[in-house]
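The chain contents come next:
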Amino acid sequence: MSEHVLVLTTMPDLDAAEHLAEDLVQARLAACVNILPQVRSIYMWQGKPCKDTEHLVFIKTTDQGYPKLQSYIQNRHPYELPEIIGTPITRGLEKYLDWVAQGVNV
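Residues numbered from 1 in each chain as written. Predicted model: local features only at pLDDT ≥ 70, side-chain atom pairs only at ≥ 80, totals over all residues. Heavy atoms only, no water.

(A) Just a negative patch on the surface, in detail. On the surface, E3, D63, E94 and D98 cluster together into a patch of negative charge. Judged by its relative accessible area of 39%, D98 falls in the partly exposed class. (Patch = residues over 30% accessible without salt bridge, like charges linked within 9 Å, V, L, I, M, F, W, Y side chains within 5 Å. Areas by Shrake-Rupley, 256 points an atom, 1.4 Å probe, with all protein chains shown as cover. Salt bridge = Lys/Arg side-chain N within 4 Å of Asp/Glu carboxyl O. Lys, Arg positive; Asp, Glu negative; His and termini not counted. Charge placed at Lys NZ, Arg CZ, Asp CG, Glu CD. Buried < 20%, exposed > 50% of the residue type's maximum accessible area, 1.4 Å probe, protein only.)

(B) Looking closely at unusual backbone geometry. The backbone phi angle of Q38 is positive, close to 60°, even though this residue is not glycine. Summarising the element assignment, Q38 is placed in strand β2 (residues 32–45). Positive phi, close to 50°, is recorded for Q46, a residue that is not glycine. Along the chain, Q46 turns up in the loop between β2 and β3 (48–62). Of the residues examined, Q46 reaches a relative accessible area of 60% and is grouped as exposed. (Helix = DSSP H or I, 4+ residues; strand = E, 2+ residues; numbered from the N terminus.)

(C) Expanded view of the pairing of strand β1 (residues 4–11). Burial within β1 is extensive, with six of its eight residues counted as buried. Summarising the sheet, β1 and β3 pair through eight bridges and their orientation is antiparallel. Paired with H4 across the two strands is T62, which belongs to β3. Direction of pairing for β1 relative to strand β4 (residues 85–88): antiparallel, over a ladder of four bridges. (Pairing = 2+ DSSP bridges.)

(D) Broad picture of the sheet that holds β1. Taking strand neighbours across the sheet as the criterion, the four strands line up as β2-β3-β1-β4 in an open arrangement whose pairing is antiparallel. Of all the strands in the sheet, just β2 and β4 have a single pairing partner and so form its edges. Each strand of the sheet is rotated relative to its neighbour by a mean of 30°, with strand direction disregarded. With 12 bridges connecting them, β2 and β3 associate as antiparallel partners. When the bridges of β3 are listed, I42 appears paired with K51. Sheet strands touched by helix α1 (residues 14–26): β1, β2 and β3. Its angle to β2, the strand with the most contacts, is close to 130°. Along the sheet, helix α3 (residues 94–103) makes contact with β1, β2 and β3, crossing β3 at roughly 95°. (Axes fitted to C-alpha atoms, helices over the stretch in contact; angles between N-to-C directions. Contact = heavy atoms within 4.5 Å.)

Here is the structure:
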């Protein structure tokens, strides 16, 4: 199993995305967070088609830190059902991945 995890979530606006990113890094649940502005999401919600502009958030954490990070996002996210997807990082620059591990404190 990978020691590092890339977590994706979406936020409704830039302020909410930045606030989440700052909180996760300050709480040392994530080593780094990237925000991609203005992604277009098209989906079905409660049987109705939806189109929204959102901000995609990339969160780098560790496998050990993932459960607390997921709980943190879920408890503070403005959506009723937030997207929280964690995928293992199976390859990467070793020094960068070491830095990620050092930046997460669980």
